[in-house]
Amino acid sequence: MTVANPEQMLFASTTATFLEKQASLTHVRGLHASGVSFQDEWWRRAAELGWTSLLVPEELGGGSVSGDGVADLAMVAEQIGHTVAPGPLHPVSIVLAGLIEAPSGHEAAIEALVSGDTVASWAVYEPTRGFAPAHVATTATRTGAGYRIDGVKDRVEAGAESGAVLVVAECEGRVRQFLVPTDAAGVTVAPQASIDMVKRYARVQLDGVQVDESAVVGGAEQTPAIIERQRQVALMLQCAEIVGILDAVLTMTNQWLFDRHSFGRPLASYQALKHRAADMKMWFEACRATTKGAVSAVAARSPEAQMLVSVAKAYVADRAPAMLQDCVQLHGGIGVTWEHDLHLYLRRVALYRAMFGSPEDHHRAVFALTSANRSREEQQRMEPSA
């Protein structure tokens, strides 16, 4: 995202330096080789830089350097995209986005997440089902002491590394959320691999898990709005990181076109390749603009945020894989080798394209929202004036 003031510039510089030294592409390959998703100490250091506090109000132990925590968080995600860095920034941020909407009883959990001592993840996906938080098979049944939760969640990012999961479940005909410790009786966590080099997921089975009233996040009336806020944060982070990925890959590719020569001329001098580079530049700027619009709307809690995050995901996640494939082709044979770094970026983008709704899903969402808005406007025009 565009950095606008000295505080943000310092924060961005510190974040970039940390990632260059502690989360380079070489580091990512090393984690993959050792079968490790991320290191706990590394994540605590990232938390000390302020990554985990950006969405959290000061009265709960958070705060941001600029006063706009959403924009600062998007900037961190974009910087992460430059090296496809590891770490649970997305799941922790999504959980915090929900907890701060109804923090009563969860102050200790928020503090542990902000400090980096604990990792938590959003358990919203279920086997064989797409992203549909409003339609879940997991159930929460009232008991004398609280609730009993039964069901299976999968595609839980960093689930094996999490101390708690925020479970979306149906309770008395309504969707609710419960913060469940992963070491609670009846919780079974099984790791799941992904196409990404270091991002790991998990299948979380909940068999008669007993939680007390304090596990509930928000009231029944609040929950749909809280889930929508979490969805918006999740999509904003995805798009911001993809923008960072595109920035890094296009820079890498343009440098290659100038450095590589054919018939005594740099590849960048050929007209056909100039056109492809120009097209990708145009698409990149469009990706950056739609993402900036989504970030601004989420930060302002605008009524348009629901649509703008879907606009961004529909465009960015559709265009980015095609751009990266073009960059692979422009690199020639070396671009398809394991040794080249291009596939690290392509893997991350392919993962994000699928998670929290595909571009096709979001095109349909934009159409539905646009149609609903148009119907309301037409109805208002037809109503007689007072």
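Rules and cut-offs
- Residues numbered from 1 in each chain as written.
- Predicted model: local features only at pLDDT ≥ 70, side-chain atom pairs only at ≥ 80, totals over all residues.
- Heavy atoms only, no water.
- UniProt positions renumbered as here; feature names shortened; annotations may be inferred.
- Helix = DSSP H or I, 4+ residues; strand = E, 2+ residues; numbered from the N terminus.
- Rg over C-alpha atoms; globule rule 2.2 N^0.38 Å.
- Buried < 20%, exposed > 50% of the residue type's maximum accessible area, 1.4 Å probe, protein only.
- Areas by Shrake-Rupley, 256 points an atom, 1.4 Å probe, with all protein chains shown as cover.
- Lys, Arg positive; Asp, Glu negative; His and termini not counted.
- Charge placed at Lys NZ, Arg CZ, Asp CG, Glu CD.
- Contact = heavy atoms within 4.5 Å.
- 1 Å grid on protein atoms, 1.4 Å probe; cavity = no way out; pocket = protein on both sides within 12 Å on 5 of 7 lines; lining within 4 Å.
- Points joined across faces, edges and corners; volume = space filled by probe spheres on them.
- Nonpolar A, V, L, I, M, F, W, Y, C, P; charged D, E, K, R; others polar.
- Domains from an automatic or database assignment.
- Polar contact = N/O pair within 3.5 Å; in protein donor to acceptor, adjacent residues only side chain to side chain.
- Pairing = 2+ DSSP bridges.
- Phe/Tyr/Trp six-rings, centres within 6.5 Å; stacked < 30°, edge-to-face > 60°.
- Core = buried A, V, L, I, M, F, W, Y, C linked by side-chain atoms within 4.5 Å.
- Axes fitted to C-alpha atoms, helices over the stretch in contact; angles between N-to-C directions.
- Parallel < 35°, antiparallel > 145°, perpendicular 65-115°, else oblique.
- Left-handed = near helix turned anticlockwise from the far one by under 90°.

An unreviewed UniProt entry lists the chain under the name Acyl-CoA dehydrogenase, with Mycolicibacterium hippocampi given as the organism. On record in UniProt, under Sequence similarities (unreviewed entry), the comment for the chain is "Belongs to the acyl-CoA dehydrogenase family."

(A) Broad picture of the overall build of the chain. Looking only at helices and strands, the chain features 11 helices and 9 strands. In summary, the chain has a C-alpha radius of gyration of 22 Å against a globular reference of 21 Å for 386 residues, a match within 12%. Considering the chain as a whole, with its 386 residues, one finds that 51% of them fall into the buried category. For the chain, the computed accessible surface area is about 17,000 Å², with 54% contributed by carbon and sulfur atoms. Taking the average location of the 33 positive side-chain charges in the chain and that of its 43 negative ones, the two points are 7 Å from each other.

(B) A look at the side chain of His340. On the secondary structure map, His340 appears in the loop between α9 (305-330) and α10 (342-354). If we ignore the near neighbours within four places in the chain, the residues touching His340 are Arg29, Met252, His331 and Ile334.

(C) Molecular detail of the UniProt feature "domain: Acyl-CoA dehydrogenase/oxidase N-terminal" (unreviewed entry) in the chain. Those places that UniProt annotates as "domain: Acyl-CoA dehydrogenase/oxidase N-terminal" (unreviewed entry) correspond, in this numbering, to residues 6-87. Along residues 6-87 the backbone is 62% helical and 0% strand, and the end-to-end C-alpha distance reaches 27 Å.

(D) Structural detail: unusual backbone geometry. Positive phi, normally seen in glycine, also occurs at Val84, with a value near 40 degrees. Secondary-structure assignment places Val84 in the loop between α4 (69-83) and α5 (89-99). Judged by relative accessible area, which is 2%, Val84 ranks as buried. You will see that Ala158, though not glycine, has its phi angle at about 55 degrees, which is positive.

(E) Inspection of empty space enclosed by the protein at higher detail. Under the criterion given, the structure shown has 3 cavities of 30 Å³ or more. Taken as a whole, the largest cavity holds about 120 Å³ of empty space. Along the wall of the largest cavity there are 15 residues; nearest its centre are Ile94, Glu157, Tyr201, Met355 and Phe356. Partitioned by chemical class, the residues of the lining of the largest cavity number 10 nonpolar, 3 polar and 2 charged. The computed volume of the second largest cavity comes to approximately 40 Å³. Lining the second largest cavity we find Ser37, Phe38, Pro86, Gly87, Pro88, Glu157, Ala158, Val198, Lys199 and Arg200. Three or more residues apiece are contributed to the lining of the second largest cavity by two domains, here domain 1 (6-115) and domain 2 (120-219).

(F) Inspection of the environment of Arg142 at higher detail. Looking at where Arg142 falls in the secondary structure, it is placed in strand β2 (residues 139-142). As for Arg142 and Asp212, which are separated by 70 residues in sequence, their C-alpha atoms are 9.6 Å apart. When residues no more than four places from it in sequence are discounted, the contact partners of Arg142 are Tyr147, Glu172 and Glu213. At a separation of 3.0 Å, a polar atom in the side chain of Arg142 contacts the side chain of Tyr147. Within polar-contact distance, the side chain of Arg142 engages the side chain of Glu213 at 3.3 Å.

(G) Spotlight on the pairing of strand β7 (residues 201-212). In terms of strand pairing, strand β3 (residues 146-153) meets β7 through 7 bridges, oriented antiparallel. When the bridges of β7 are listed, Val152 appears paired with Gln205. Where strand β6 (residues 187-192) and β7 come together, 6 bridges link them in antiparallel fashion. Bridged to Ala190 within β7 is Arg203.

(H) Examining the UniProt feature "domain: Acyl-CoA dehydrogenase/oxidase C-terminal" (unreviewed entry) in the chain more closely. Those residues carrying the UniProt feature "domain: Acyl-CoA dehydrogenase/oxidase C-terminal" (unreviewed entry) are residues 237-361 in this numbering. The straight-line gap between the two end C-alpha atoms of residues 237-361 is 18 Å; of that span, 75% is helix and 3% is strand.

(I) Main features of the packing of aromatic side chains. The full count for this structure, using the stated rule, is 11 aromatic pairs. Judged by centre distance (6.0 Å) and plane angle (40 degrees), the ring pair of Tyr125 and Phe356 falls under tilted. Of this pair, Tyr125 sits in the loop between β1 (120-123) and β2 while Phe356 sits in the loop between α10 and α11 (359-382); the two residues are 231 residues apart in sequence, bridging distant segments of the chain. Taking the relative accessible area as the measure of exposure, Phe356 reaches 11% and is therefore buried. By the ring-pair criterion, three or more aromatic residues cluster together here, those being Phe18, Trp42, Trp43 and Trp51.

(J) Looking closely at the nonpolar core. Core analysis: the biggest nonpolar cluster contains 101 residues, and Trp43, Trp51 and Phe356 have the highest contact counts within it. Those residues in contact with Phe356 that lie beyond four places of it in its chain are Ile94, Trp122, Val124, Tyr125, Phe131, Ala234, Leu235, Gln238, Lys313 and His362. Counting 19 residues, the second-largest nonpolar core is a separate cluster that includes Ala123, Cys171, Ala184 and Val211.

(K) View of the packing of helix α1 (residues 6-22) against α4. Direction vectors running N to C along α1 and α4 enclose 30 degrees, while the axes themselves pass 10 Å from each other. In terms of their interaxial angle, α1 and α4 are classed as roughly parallel. Both α1 and α4 take part in a crossing whose hand is right-handed. For the pair α1 and α4, contact is made by Gln8, Phe11, Ala12, Thr15, Ala16 and Leu19 and by Ala71, Asp72, Met75, Val76, Gln79, Ile80 and Thr83, respectively. Here the residues of the contact of α1 with α4 are counted per class, giving 8 nonpolar, 4 polar and 1 charged.

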